[in-house]
Amino acid sequence: MSGTASTYVPKSRVAKWFESRLPIVGLVHSSFIAYPVPRNLNYFWTFGAILAAFLGIQIITGVWLAMHYEPSATGAFNSVEKIMRDVNYGWLLRYAHANGASMFFVAVYVHMFRALYYGSYKAPREVLYILGVIIYLLMMATAFLGYTLPWGQMSFWGATVITNILAAIPVVGDTIQSLLWGGYSVGNPTVNRFFSLHYLLPWMIAGVVVLHVWALHVTGQNNPAGIPIKSGKDAVPFTPYATVKDVFATVVFMILFAWFLFFMPNYLGHADNYIQANPAVTPAHIVPEWYFLPFYAILRAVPDKLGGVILMFSAVIILAFAPWLDTSRIRSCNYRPIYRQFMWVFLGVCFVLGWLGSQPPEGGYVIASQICTAYYFAHFLLVMPLCGLFETPKPLPGSIVESVTGPGRQISGAGMPAGAAAAPQVKG
Amino acid sequence: MANTTAAPADASHDGSRRDFLFLATGAGLAVGAAAVAWPFVSSMAPDADVIAAGAPIEVDLTPIQDGQIVNVFWRGKLIFVRKLTSKEVTDMKGVPLSAMIEPAAFDSRVKNGHDQWLVVYGNCTHLGCVPIGHQGNFEGWACPCHGSQFDAVGRVRRGPAPINLPIPPYAFQTDTKIRIGEMGGKGEA
């Protein structure tokens, strides 16, 4: 966007007339056509496009579901069953929305691991990265609100547990809880306002996504080598190279989505949510959706209400401090032999935490949760700062081209024209 | 762009009038913003209908058997009414305060002269799940969500729940009838 000068030259008189009044075609051209992309990007870099696709899918299916859904304690459950049985293709819309949410989180977790592994959070991309953390927080809020709407047993008790978490906040907790409930417990006013907020937040996500993409186009993309674009040879134009790659990856990812959607649409859900909400009975095993499980394990790791809540929120917020906790000057783990090992251990610990979150909170599971929680925070507070100080990185390649071909070799074929070889990060 | 604006370098005005306007406008905006925000926040509080539906309820105790736990709802909140067995009463009176997370004497959990009757909110004080009756190691309740345990008079004996099950405001009308929602003219407990 603003970081790269547009090379778009309107040809027709109408286009010239329009461009001098609203240069939006030039904006799109410089952002998605001429925009220089590092030529060594791997498929991890396609998940931004996949996420954009899923934001679109969720908004469209959501708007259509809202045409049939009734946000009330008495009507919500029945209206969801009506969508499943009576509305033409209602089952498709609802299963696409429910499984789309899961796929959205699959993609965002890959995207986040990519950012951590290749050091995409480091200067000059701190703001870009923190906007990403904000999007993730908004996604979590949206997913939670949406999960309460079918008003099944898991919906109701999920809403109860999460709103009780907020009540742990000192001084104002009870007031916040009462304002969220609109009553003295989770009930009709709650589902009504949660529907309103569930409809609102995706548009806020879309707004922050615009800022995220804007910041991306100011600093330029990171890449597997973690070094900036130095010459036209290092870059290729966004269209057709990145466009085709992004679309191809999105289509492949859609196969995974379709597999869940058409063959196992309830696999990621809970059978208990097909029982209407009953405030007198809590389901025997209450667990959140899979994408919240690691944080749920952290919440339960400490036998103290406020302490657990603080730890859980810290586990997300600490992500935003990664740019300053990491002391290494090298971005990519490809050139960080020690830290790379720790990254994979960290990923393993996140998976184990997820599994622990699905287990009952007793005995060895609690102890294991405590160990993994301690390691999760140690990764950010000890491993990140210390690795940067003590690790000897491998030598960086001289350029992105060199990282692909080996040192001293020339590359033939397309690159960016020399004049257009914007190296936006050099400007900043 | 070609047109830029800059404050005129005209020193003949002293800035005090502009400063005053700036501060007065800013103060007016802040007060106005707060005044506009208030109705939005306040509208989210329990409305008149919800409050009216929270009127006191009466519970007839005659059908409740020894050891039985009955669920009732007041203000949408689950309330357990439990008739303690004489063994439970003896056991609960004998628990030393040091064995509790939030120490509370037996007498503070029941109404004077009604040792057999326990009335408590039925949501775990950790995150609000409904503990299951006659479960756990303390003759009381065990929460299926995060493992908290309560004894027969609703005192938390094992975390993560931080406090005992709260007692709603209630009073005995007769020996076999209670009224939940008011306590001799006083408000909520």
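Throughout, residues of each chain are indexed from 1 in the direction in which the sequence is written. A letter from A marks each chain and a number from 1 marks each ligand, given out in the order of writing. Where local features are concerned, this predicted model is filtered to residues with pLDDT of at least 70; where side-chain atom pairs are given and counted, the filter is 80 or more; whole-chain, interface and lining totals use all residues.

**Remarks on the confidence of the model for chain A**
Next up, step 1: The predictor reports its confidence for every residue as pLDDT, a score running from 0 up to 100. The pLDDT averaged across chain A works out to 90; a share of 93% of its residues lies at or above 70.
Next up, step 2: Note on contacts: each residue gets a C-beta atom placed from the backbone, and two residues are in contact if those atoms are within 7 Å. Confidence drops under pLDDT 50 across residues 418-428 of chain A; counting only partners more than four residues distant or on other chains, this segment forms 28 contacts.

**Some thoughts on the interface of chain A and chain B**
Next up, step 1: Listed by partner, the interface residues are 27 residues for chain A and 23 residues for chain B.
Next up, step 2: Broken down by secondary-structure element, the contributors of at least two residues to the side of chain A that touches chain B are α7 (153-166), α8 (173-181), α9 (188-219) and α12 (305-317) of chain A.
Next up, step 3: Segments assigned H or I by DSSP are reported as helices when at least four residues long, segments assigned E as strands when at least two residues long, and all are numbered from the N terminus. Examining the composition of the side of chain A that touches chain B, we find that 5 residues originate from one element, α7(A), more than from any other.
Next up, step 4: By residue class, the composition of the side of chain A that touches chain B is 13 nonpolar, 9 polar and 5 charged. Nonpolar residues are Ala, Val, Leu, Ile, Met, Phe, Trp, Tyr, Cys and Pro. Charged residues are Asp, Glu, Lys and Arg, and all others, Gly as well, are polar.

**Concerning the pairing of strand β9 (residues 170-174) of chain B**
For a regular strand, the rule is simple: side chains alternate between the two faces of the sheet.
Residues and elements named next belong to chain B.
Next up, step 1: Across 4 bridges, β9 lies against strand β10 (residues 177-180) in antiparallel orientation. From the neighbouring strand, Ala171 faces β10, where its bridge partner is Arg179.
Next up, step 2: The antiparallel hairpin formed by β9 and β10 contains 2 residues in its connecting segment. Think of it this way: DSSP has to see at least two bridges between two strands before they count as a pair.

**Overview of the nonpolar core**
Next up, step 1: Among the nonpolar cores identified, the biggest contains 107 residues, and Phe104(A), Ala107(A), Val161(A), Ile298(A), Val119(B) and Cys129(B) are the most heavily contacted of them.
Next up, step 2: Considering every element that reaches this core, the biggest residue donor is helix α5 (residues 90-117) of chain A, with 12 residues.
Next up, step 3: Once residues lying within four places of it in the same chain are set aside, the contact partners of Cys129(B) are Trp157(A), Val161(A), Thr282(A), Ile286(A), Cys124(B), Cys143(B), Pro144(B) and Cys145(B).
Next up, step 4: Judged by nonpolar contacts, the second largest core, of 12 residues, contains Val37(A), Val236(A), Phe238(A) and Ile400(A). Joined through C-beta atoms within 7 Å, a set of buried Ala, Val, Leu, Ile, Met, Phe, Trp, Tyr and Cys residues constitutes a nonpolar core. Exposure in this text rests on C-beta crowding, where 20 or more other C-beta atoms within 10 Å of a residue's own make it buried, 12 or fewer make it exposed, and counts in between make it partly exposed. The C-beta atoms are placed from the backbone.

**Focus: the domain arrangement of chain B**
Next up, step 1: Domains assigned within chain B are domain 1 (16-45) and domain 2 (50-180).
Next up, step 2: Either an automatic procedure or a domain database provided the assignment from which the domain bounds are taken. Between domain 1 of chain B and domain 2 of chain B, the C-alpha centre-to-centre distance is 48 Å.

**Looking at the packing of helix α6 (residues 126-148) of chain A against α9(A)**
Residue and element names in this part refer to chain A.
Next up, step 1: Remark: α6 packs on α9, axes separated minimally by 8 Å, with the N-to-C direction vectors making an angle of 160 degrees. With respect to α9, the axis of α6 lies roughly antiparallel. For α6 against α9, the interelement crossing comes out left-handed.
Next up, step 2: Grouping the amino acids of the contact of α6 with α9 by side-chain chemistry returns 21 nonpolar, 7 polar and no charged. Between N-to-C directions, angles span 0 to 180 degrees; the directions come from axes that are lines fitted to C-alpha atoms, helices contributing only their stretch in contact. Any angle that is under 35 degrees is reported as roughly parallel, and any over 145 degrees as roughly antiparallel; angles of 65 to 115 degrees are reported as roughly perpendicular and all others as oblique. Here a crossing is called left-handed whenever its near helix is offset anticlockwise from the far helix by less than a right angle, and right-handed whenever the offset is clockwise.

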